[in-house]
Amino acid sequence: MKYSALIWKYLAIITLGLFVFYLDDKEFFDYKITLALICMLSLLKSVYFVSVSYRKIIEASVREIAYHSFMAFMMLNIAMIIFSFAIDFSCLYQVNSASFIGVEPHLNFWETQFEFWYFSVLNFSFFGYGQIMPLTISAKIIIIFEVIISFLTIVFILSDFISLKESITEKFQKGKSKD
């Protein structure tokens, strides 16, 4: 599998998140428009991550890709999901610090980034210790997106990969035998 093209796509997604930092810093828009932009980009990114994962399952089934190669892809995918949502949470916090409760106000920029990365890891893994909690609708919406992606990734993709692969392979073999 070639990961270079995928990594470039993921970097583009993360760059979009960082672009929101720039937009907010320059205050081009009312902060409500910036919050809506963050939510919209998060939704688009969520759809992208789910579709890429699904396509990789199909590809792994049809091409008989080794399980360890598929798992390497999923590790990269999960890391990018967590990192990109951490950027989303950080952007929300930068735009409206009332978006989350539990973030210490005395933290510097990098400590705040770590806090949101940690928060994203907990959300993705379903642990959610409750140290940081969303307060605004936009923060709750983005957390819902991450939880849905996490559920789809963990439950449907990773836990059922073997049965999905067998089912898809069987379906494609039946399609080939009809031709």
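Scroll up for the structure.
Residues numbered from 1 in each chain as written. Predicted model: local features only at pLDDT ≥ 70, side-chain atom pairs only at ≥ 80, totals over all residues. Heavy atoms only, no water.

A. Seen up close, the overall build of the chain. A count of helices and strands for the chain gives six helices and two strands. When the elements of the chain are put in sequence order from the N terminus, they spell out α-α-α-β-α-β-α-α. Among the 179 residues that make up the chain, the fraction classed as buried is 41%. Within the chain, residue pairs in contact and separated by at least 24 positions form 79% of the contacts whose partners lie at least 6 positions apart. Roughly 10,400 Å² of accessible area belongs to the chain as shown, and the carbon and sulfur atoms make up 67% of that amount. (Helix = DSSP H or I, 4+ residues; strand = E, 2+ residues; numbered from the N terminus. Buried < 20%, exposed > 50% of the residue type's maximum accessible area, 1.4 Å probe, protein only. Contact = heavy atoms within 4.5 Å. Areas by Shrake-Rupley, 256 points an atom, 1.4 Å probe, with all protein chains shown as cover.)

B. Spatial organisation of the side chain of Ser42. Structurally, the position occupied by Ser42 is in helix α2 (residues 31–62). Overall, the relative accessible area of 0% leaves Ser42 in the buried class. Leave out the neighbours within four places in its chain, and Ser42 touches Phe85, Asp88, Ile142 and Phe145.

C. Spatial organisation of the nonpolar core. Core analysis: the largest hydrophobic core is formed by 39 residues, its most contacted members being Tyr10, Phe49, Phe89 and Phe100. Elements supplying a minimum of two residues to this core: α1 (4–26), α2, α3 (67–95), α4 (109–124) and α5 (137–158). Among the elements that make up this core, the one with the highest residue count is α3 (15 residues). Ignoring anything within four residues of it in the chain, the contact list for Phe100 reads Phe89, Leu92, Tyr93, Phe116, Phe119, Ile132, Met133, Pro134, Leu135, Ala139 and Ile143. (Core = buried A, V, L, I, M, F, W, Y, C linked by side-chain atoms within 4.5 Å.)

D. Layout of the packing of α2 against α3. Contact geometry for α2 and α3: axes closest at 10 Å, N-to-C directions at 175°. As the angle between them shows, α2 and α3 are arranged roughly antiparallel. Classifying every residue of the contact of α2 with α3 by side-chain character gives 16 nonpolar, six polar and three charged. (Axes fitted to C-alpha atoms, helices over the stretch in contact; angles between N-to-C directions. Parallel < 35°, antiparallel > 145°, perpendicular 65-115°, else oblique. Nonpolar A, V, L, I, M, F, W, Y, C, P; charged D, E, K, R; others polar.)

E. Quick look at the environment of Glu115. Mapping Glu115 onto the fold places it in helix α4. With 12 residues separating them along the chain, Glu115 and Val103 place their C-alpha atoms 7.4 Å apart. Aside from chain neighbours lying at most four places away, what touches Glu115 is Leu107 and Ile132.

F. Up close: the pattern of salt bridges. Within the structure shown, the criterion is met by one salt bridge. When the shortest N-O distance is used, the salt bridge between Asp88 and Lys45 registers 2.3 Å. Pair noted here: Asp88 is in helix α3 and Lys45 is in helix α2, with a separation of 43 residues, a long-range link. One exposure class covers both Asp88 and Lys45, and it is buried. (Salt bridge = Lys/Arg side-chain N within 4 Å of Asp/Glu carboxyl O.)

G. Looking closely at α2. Between its terminal C-alpha atoms α2 stretches 46 Å, which fits the 46 Å expected from 32 residues at 1.5 Å a residue. Glu64 lies just past α2 and shows a positive phi near 55°. (Expected span 1.5 Å × (residues − 1).)

H. Examining the packing of α3 against α4 more closely. Where α3 contacts α4, the axes come no closer than 8 Å and their chain directions differ by 125°. By the angle class used here, α3 and α4 are oblique. Handedness of the crossing formed by α3 with α4: right-handed. For the pair formed by α3 and α4, the contact residues are Ile78, Ile81, Ile82, Phe85, Ala86, Phe89, Ser90 and Tyr93 on the first element and Thr112, Gln113, Phe116, Trp117, Phe119, Ser120, Val121, Asn123 and Phe124 on the second. In terms of residue class, the contact of α3 with α4 is built from 12 nonpolar, five polar and no charged. (Left-handed = near helix turned anticlockwise from the far one by under 90°.)

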